[in-house]
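For reference, the chains in residue letters:
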Amino acid sequence: QVRLVESGGGSVQAGGSLRLSCESSGLTFDTTPRAWFRQAPGKEREFVAGINDIGSSFHYADFAKGRFPISKNSVKNTLYLQMNSLKADDTAVYYCAALRSIRSTTDYDVSLWGQGTQVTVSS
């Protein structure tokens with residue numbers, strides 16, 4: 001019954017910005033951990049950024065640190081990824097995920113995936 005729906009993807013030139021959103025339906029309040037992942041063509045899905053249940057702790061892949069801040073509005077059940085200084089190799093399908101827990105960029109438990117949104121960065 002609970003669904004995650006991403007939006008905000010699209011095409012942008014290198015150096016530009018996009019903000020991705022992930023709305024969670026079926027919940028009154030979103031107080032669970034969340035994360036963003038991405039998958040480029042021919043590549044494995046990789047962790048991008050994560051946030052804990054109350055938005056006080058953050059986890060970032062090296063490529064995302066300082067560029068892709070993650071945040072959420074628990075009342076609106078919406079997760080965000082602000083993507084700045086975009087590079088061509090940021091091109092990928094970006095997925096949001098609900099988590100049961102998160103301790104680090106490599107230690108987390110995914111409970112639900114969104115459908116993904118395409119981000120294409122042109123040089």
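Notes on the structure follow. All values reported here derive from a predicted model rather than from experimental measurement.

Calculation criteria
- Residues numbered from 1 in each chain as written.
- Predicted model: local features only at pLDDT ≥ 70, side-chain atom pairs only at ≥ 80, totals over all residues.
- Heavy atoms only, no water.
- Pairing = 2+ DSSP bridges.
- Helix = DSSP H or I, 4+ residues; strand = E, 2+ residues; numbered from the N terminus.
- Axes fitted to C-alpha atoms, helices over the stretch in contact; angles between N-to-C directions.
- Salt bridge = Lys/Arg side-chain N within 4 Å of Asp/Glu carboxyl O.
- Buried < 20%, exposed > 50% of the residue type's maximum accessible area, 1.4 Å probe, protein only.
- Core = buried A, V, L, I, M, F, W, Y, C linked by side-chain atoms within 4.5 Å.
- Phe/Tyr/Trp six-rings, centres within 6.5 Å; stacked < 30°, edge-to-face > 60°.
- Lys NZ or Arg CZ within 6 Å of the ring centre and 35° of its normal.

### A look at the sheet that holds strand β8 (residues 78–83)
Next up, step 1: Across the sheet, four strands lie side by side as β1-β3-β8-β7; this open sheet has antiparallel pairing. The sheet terminates laterally at β1 (3–7) and β7 (70–73), the two strands that pair on one side only. Recorded for the sheet is a direction-independent mean angle of 20° between the axes of neighbouring strands.
Next up, step 2: When β7 meets β8, the two strands line up antiparallel, connected through four bridges. Residue pairing in the sheet places Asn73 in a bridge with Thr78 of β8.

### Considering the pattern of salt bridges
Two side chains of opposite charge can pair, provided their charged atoms sit close to one another.
Next up, step 1: Taken as a whole, this structure holds five salt bridges when the rule is applied.
Next up, step 2: Close ionic contact of Asp90 with Arg38 constitutes a salt bridge, the shortest N to O distance being 2.9 Å. Remark: Arg38 occurs in strand β4 (residues 34–39) and Asp90 occurs in the loop between β8 and β9 (92–102); sequence separation between them is 52 residues. Here the two residues Asp90 and Arg38 agree in accessibility, since each one is buried.
Next up, step 3: A salt bridge links Arg100 to Asp109; the shortest N-O distance between them is 3.1 Å.
Next up, step 4: Residue Asp109 is classed as partly exposed on the basis of its relative accessible area of 30%.

### Observations concerning the nonpolar core
Next up, step 1: Trp36, Val48, Phe68, Ile70, Leu81, Met83 and Tyr94 are the most contacted members of the largest nonpolar core, which has 23 residues in total.
Next up, step 2: Contributing elements (two or more residues each) for this core: β3 (18–25), β5 (46–51), β8, β9 and β11 (117–122).
Next up, step 3: When residues in this core are grouped by element, the largest group, four residues, is from β9.
Next up, step 4: In this structure, Ala35, Phe37, Phe47 and Ile102 belong to the second largest nonpolar core, which totals six residues.

### Considerations on the pairing of β3
Next up, step 1: Where β1 and β3 come together, five bridges link them in antiparallel fashion. Across the sheet, Glu6 pairs through a bridge with Cys22, a residue of β3.
Next up, step 2: The pairing of β3 with β8 spans six bridges and is classified as antiparallel. Residue Ser21 lies in a different strand from β8, and its bridge partner there is Tyr80.

### Some points on the packing of aromatic side chains
Next up, step 1: Applying the stated criterion to the full structure yields six aromatic pairs.
Next up, step 2: Both rings, one in Phe37 and one in Tyr108, keep their centres 5.4 Å apart while their planes meet at 70°; by these two values the pair is edge-to-face. Remark: Tyr108 occurs in strand β10 (residues 108–113) and Phe37 occurs in strand β4; sequence separation between them is 71 residues.
Next up, step 3: Phe37 sits in the buried class, given a relative accessible area of 3%.
Next up, step 4: Taking 6.4 Å as the distance between ring centres and 10° as the angle between the ring planes, the aromatic pair formed by Phe58 and Tyr60 counts as stacked.
Next up, step 5: Members of the aromatic cluster, connected to one another through ring pairs, are Phe37, Phe47, Tyr95, Tyr108 and Trp113.
Next up, step 6: In this structure, Arg45 is placed above the aromatic ring of Trp113, and the distance from its NZ or CZ to the ring centre is 4.5 Å.

Interpretation in functional terms is not warranted from these geometric data alone.
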